[in-house]
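# Notes for the structure review
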Amino acid sequence: MTSDSRNERAFDLHCGSNALFLSDVPTLQWTPDDGNRDEFFMRQALAEAALAAEEGEIPIGAVLVCQNRAIARDHNRRERNCDPTAHAETLVLRAASVFFPSWRIEDSELFVTLEPCVMCAGALVQARVDRVVFGTRDPKGGAVVSLYELLNDSRLNWRCQVDEGTLGDECAAILRDFFRARRDDKRSGA
């Protein structure tokens, strides 16, 4: 089953105070037997990032979690979709929104391999995501701690808890390896 088809259906789970779900979507649920919770979900985001790299997309993956269940997961698809907004974060927000009766995606957490950009940070604020966990900073475009602090800006009407560095070395490595391979291909004329 593709991540698109996983995200198109709903499942039977009450998540937050306003969520609506159907019963047939398989979800990945964390239990204490799975070890560190944040690492468990970040590994799912890394799996999505690996899929992005295979597709020639910048390898960024994201997972949206509600009540210890991954309700949506995806990776960058800007090239494939010819859409500048098709970042992993916006794609999982869109996919998860079908489970909620309004635009608010409350009582949720986003796990993403790279610090969100301005567009994605703005979408997370608008969606009312409670917590954002990212693996590695983006010194050229990060809008959570690197260049801006949008998720904790007191001038906005919503703030998210932010945790950084979960599997940070692995998240940085997949990006570094991807761009190194791209540079090598350009040099060799491939």
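Overview of the structure. (Residues numbered from 1 in each chain as written. Predicted model: local features only at pLDDT ≥ 70, side-chain atom pairs only at ≥ 80, totals over all residues. Heavy atoms only, no water.)

### Topic: the overall build of the chain
Short version of the rule: Numbering of helices and strands runs from the N terminus, with a helix taken as a DSSP run of H or I at least four residues long and a strand as a DSSP run of E at least two residues long. Think of it in three bands: with a 1.4 Å probe and only protein chains considered, a residue is buried below 20% of the maximum accessible area for its type, exposed above 50%, and partly exposed in between. Any two residues whose heavy atoms approach within 4.5 Å at even a single point are treated as in contact. The Shrake-Rupley method, run with a 1.4 Å probe sphere, supplies the accessible areas, and residue values consider only the shown protein chains as cover.
When its secondary structure is counted, the chain shows 6 helices and 6 strands. Shown N-terminal to C-terminal, the secondary structure of the chain runs as helices and strands in the order α-β-α-β-β-α-α-β-α-β-β-α. A buried classification covers 47% of the 190 residues belonging to the chain. The contacts of the chain with a sequence gap of at least 6 include a subset with a gap of at least 24, amounting to 58%. Split by element, the accessible area of the chain, about 9,400 Å² in all, is 49% carbon and sulfur.

### Some words on the environment of T136
Its place among the elements puts T136 in strand β5 (residues 131-136). Taking C-alpha positions, T136 is 7.5 Å from D169, a pair spaced 33 residues apart along the chain. Beyond its immediate sequence surroundings of up to four residues, T136 is in contact with T113, L114, E115, G168, C171, A172 and L175.

### Here we look at a nonpolar patch on the surface
Operational definition: Think of a patch as exposed residues, more than 30% relative accessible area, with no salt bridge, where like charges cluster within 9 Å and nonpolar side chains (Val, Leu, Ile, Met, Phe, Trp, Tyr) cluster within 5 Å. Within this document, salt bridges are pairs made up of a side-chain nitrogen of Lys or Arg and a carboxyl oxygen of Asp or Glu, the two lying within 4 Å of each other.
Taken together, V118, L147 and Y148 make up a surface patch of nonpolar side chains, about 280 Å² in accessible area. Position of L147 among the secondary structure elements: in the loop between β5 and β6 (161-164). You can call L147 partly exposed: its relative accessible area is 44%.

### Comments concerning the nonpolar core
The condition that has to hold: Residue types Ala, Val, Leu, Ile, Met, Phe, Trp, Tyr and Cys, when buried and joined through side-chain atoms within 4.5 Å, form a set referred to as a nonpolar core.
Core analysis: the largest hydrophobic core is formed by 29 residues, its most contacted members being L64, L110, V129 and L151. Contributing elements (two or more residues each) for this core: β2 (61-66), β3 (69-75), α4 (88-97), β4 (109-114), α5 (118-127) and β5. No other element matches α4, which puts 5 residues into this core. Setting aside chain neighbours within four positions, we find V129 in contact with L64, L93, I105, S108, E109, L110, L124, W158 and C160.

### Considering the pairing of β4
Residues in a regular strand point their side chains to alternate faces of the sheet. The condition that has to hold: Note: two strands are recorded as paired if DSSP finds a minimum of 2 bridges between them. With strands facing away from the observer, any crossover in which the path from the first strand over the helix to the second runs clockwise is taken as right-handed.
Counting buried positions along β4 yields 6 of 6 residues, so the element is predominantly enclosed. The sheet contact formed by β2 and β4 spans 4 bridges and is antiparallel. Each residue of the ladder has a partner; that of L64, found in β4, is L110. Examined bridge by bridge, β4 and β5 share 5 bridges and lie parallel to one another. Pairing of L110 across the sheet is with V132, part of β5. After leaving β4, the chain enters α5 and then returns to the sheet as β5, a path that is right-handed.

### Structural notes on the pairing of β2
Within β2, 6 of the 6 residues are buried, which leaves the element mostly enclosed by the surrounding structure. Burial of the side chains of β2 extends over both faces: G61, V63 and V65 are buried on one face and A62, L64 and C66 on the other. Direction of pairing for β2 relative to β3: antiparallel, over a ladder of 6 bridges. Its bridge partner being in β3, V63 is matched across the sheet by R73. Here β2 folds back onto β3 in antiparallel fashion, the turn holding 2 residues, of which Q67 has a positive phi close to 50 degrees.

### Section: the sheet that holds β3
Note the cut-off: To obtain an axis, a line is fitted to C-alpha atoms, over the contacting stretch when the element is a helix, and the angle between two such axes runs from 0 to 180 degrees between their N-to-C directions.
With respect to topology, 6 strands assemble into an open sheet ordered β1-β3-β2-β4-β5-β6, the strand pairing being mixed. The open sheet is flanked by β1 (28-29) and β6, the only strands paired with a single partner. Of the pairings in the sheet, the one linking β5 to β6 comprises 4 bridges and is parallel in character. Residue pairing for β6: V132 is matched across the bridge by V162. Its contacts with the sheet put helix α2 (residues 37-54) on β1, β2, β3, β4 and β5, and the angle it makes with β4 is roughly 50 degrees. Sitting on the sheet, helix α6 (residues 168-188) is in contact with β4 and β5, with an inclination near 60 degrees to β5.

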